[in-house]
Amino acid sequence: MSGLQGGTAVVTGAGSGLGAAMADAFAAEGMAVVALDINREAAESVAAGLEAGGAPAVGRAVDVADRETLDAAAAEVAARFGSCNVVAANVGVMQFGPLERITADDWQWLLSVNVVGTANTVNAFLPLLRAADGPRHIVLTSSMAALVPTPRQGAYITTKFAITGYGDVLRQELAEDGIGVTVVFPSGMMTTHLESSRAARPSALGESVTRDEDLEVVVATAGTGDDVVTTPDDAIADLVTDMLAGEPYVVTHGSRAAEIRARHRAIEDAHARMRDARDRRAAREAR
Ligand SMILES: NC(=O)c1ccc[n+]([C@@H]2O[C@H](COP(=O)([O-])OP(=O)(O)OC[C@H]3O[C@@H](n4cnc5c(N)ncnc54)[C@H](O)[C@@H]3O)[C@@H](O)[C@H]2O)c1
């Protein structure tokens, strides 16, 4: 028994892909699931599927960039379930393109959904997490691209770095409350990410344009190996176990250890260079 049985999980972006897989995984633990998505039909259809399988579930429309829609969902969760044990802030939208072509509208959209939307989700449901008995966890979806940054997705990657930093601070700030924070780093997954992102972009910000040449660069730098791209279900096969173990990070699939190590080594080297230079200066001044 994982201790999640009988608890409630809230998942954003649950209408499809990774969020729908998370909703399934939490239902399989015996949890009630609140599936939230900007696509109402998709959220309702995922919830209906879970209910058909015997899990209590509701599907509701929210726009994570709009705090009021999340507060309304939280009020409903409070009335129906009283509290929640897991909040998966999973929504992230994608805009490809070299950084010099990313417009102010692109930035506004990506930051308001991927970064502010994540904070909105956490803040809307934090009182319900604090009210819960048993395990309490927040799951945040970042990306392998935030561990191994590659060209033509720089704006998206910037937001996924932000999620990593946000999660690292949140984990420390919620430690006293006993609420765990796990950041998930997926590599490529077979989902509708590009299409759903395009559909969710507010029309006032203009159309999201994807150029073939940008896609080609993204594919060419996606790494190699037979698990560069997988299904969302496969990607989160170990998520519940790692989350319950209080793991800060979950790398779902892919083989980028060498690049991750090289990047961390460059940061360590910069730190060591700074210490050496400071020590040399201090020694010179002491002479
Ligand atoms: N697909 C990949 O290759 C990949 C790789 C790494 C990380 N990710 C991340 O995984 C997460 C899920 O993406 P996915 O691949 O499952 O895509 P997906 O298209 O299957 O699911 C994303 C869902 O988010 C919803 N959504 C979009 N904007 C929203 C908003 N403002 N408010 C509420 N819901 C909104 C969409 O309607 C869609 O149902 C994202 O954070 C994405 O950045 C995806």
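That block above? That's the structure.
Residues numbered from 1 in each chain as written. Predicted model: local features only at pLDDT ≥ 70, side-chain atom pairs only at ≥ 80, totals over all residues. Heavy atoms only, no water.

K.L.:
Sorry if this is basic, but what is going on with the nonpolar core here?
P.N.:
Across soluble globular proteins, nonpolar side chains have a tendency to be buried as a group. Ranked by size, the top nonpolar core spans 40 residues in total, and within it Leu36, Phe125, Ile138 and Leu140 carry the most contacts. Here this core takes 9 residues from helix H4 (residues 104–130), the largest share from any one element. Formed by 29 residues, the second largest nonpolar core is a distinct cluster that contains Met22, Val46, Leu50 and Val139. (Core = buried A, V, L, I, M, F, W, Y, C linked by side-chain atoms within 4.5 Å. Buried < 20%, exposed > 50% of the residue type's maximum accessible area, 1.4 Å probe, protein only. Helix = DSSP H or I, 4+ residues; strand = E, 2+ residues; numbered from the N terminus.)

K.L.:
Explain helix H1 (residues 17–28) here, please?
P.N.:
Since the α-helix advances by 3.6 residues per turn, residues separated by three or four positions end up pointing in the same direction. Here H1 spans 17 Å end to end across 12 residues, near enough to the 16 Å set by a 1.5 Å rise per residue. With 9 of its 12 residues buried, H1 lies for the most part within the structure. Listed in full, the buried residues belonging to H1 are Leu18, Gly19, Ala20, Ala21, Met22, Ala23, Ala25, Phe26 and Ala27. Residue Gly30 follows H1 closely and has a positive phi angle near 85°. (Expected span 1.5 Å × (residues − 1).)

K.L.:
How do you make sense of unusual backbone geometry when you look at a structure like this?
P.N.:
With glycine set apart, most residues show a phi of negative sign, and most peptide bonds adopt trans. Phi at Arg152 is positive, roughly 75°, even though this residue is not glycine. As for its placement among the helices and strands, Arg152 is situated in the loop between strand S5 (137–141) and helix H5 (154–174).

K.L.:
I'm lost on the pattern of salt bridges in this one. Help?
P.N.:
When the charged atoms of two side chains with opposite charge come close together, those side chains can pair. Counted under the stated rule, the structure contains 11 salt bridges. Between Arg152 and Glu213 there is a salt bridge, with its nearest N and O atoms 3.8 Å apart. On the criterion of sequence distance, the pair formed by Arg152 in the loop between S5 and H5 and Glu213 in helix H7 (residues 212–220) is long-range, its members being 61 residues apart. Judged by its relative accessible area of 42%, Glu213 is partly exposed. Linked through salt bridges whose partners overlap, the residues forming this network are Arg152, Arg211, Glu213 and Asp214. (Salt bridge = Lys/Arg side-chain N within 4 Å of Asp/Glu carboxyl O.)

K.L.:
I would appreciate a short explanation of the pairing of strand S6 (residues 180–185) in the present structure.
P.N.:
Regular strands have side chains that alternate between both faces of the sheet. By the criterion of burial, S6 is predominantly enclosed, with 6 of the 6 residues buried. Strand direction decides the pairing type here: S5 and S6, joined by 5 bridges, are parallel. Bridged to Thr141 within S6 is Val184. After leaving S5, the chain enters H5 and then returns to the sheet as S6, a path that is right-handed. (Pairing = 2+ DSSP bridges. Right-handed = clockwise from strand over helix to strand, strands pointing away.)

K.L.:
What is the right way to read the site of the ligand from this model?
P.N.:
Within the structure, the ligand sits among 29 residues, and Ser16, Asp37, Tyr156, Thr191 and Ser196 are positioned closest to it. At 3.3 Å, a backbone N or O of Gly17 approaches an oxygen atom of the ligand. Between the ligand and the protein, one listed contact pairs a nitrogen atom with a side-chain N or O atom of Asp63 at 2.9 Å. Residue assignment for the shell around the ligand shows that the elements contributing at least two residues are H1, H5, strand S7 (188–189) and helix H6 (193–200). (Near = heavy atom within 4 Å. Polar contact = N/O pair within 3.5 Å; in protein donor to acceptor, adjacent residues only side chain to side chain.)

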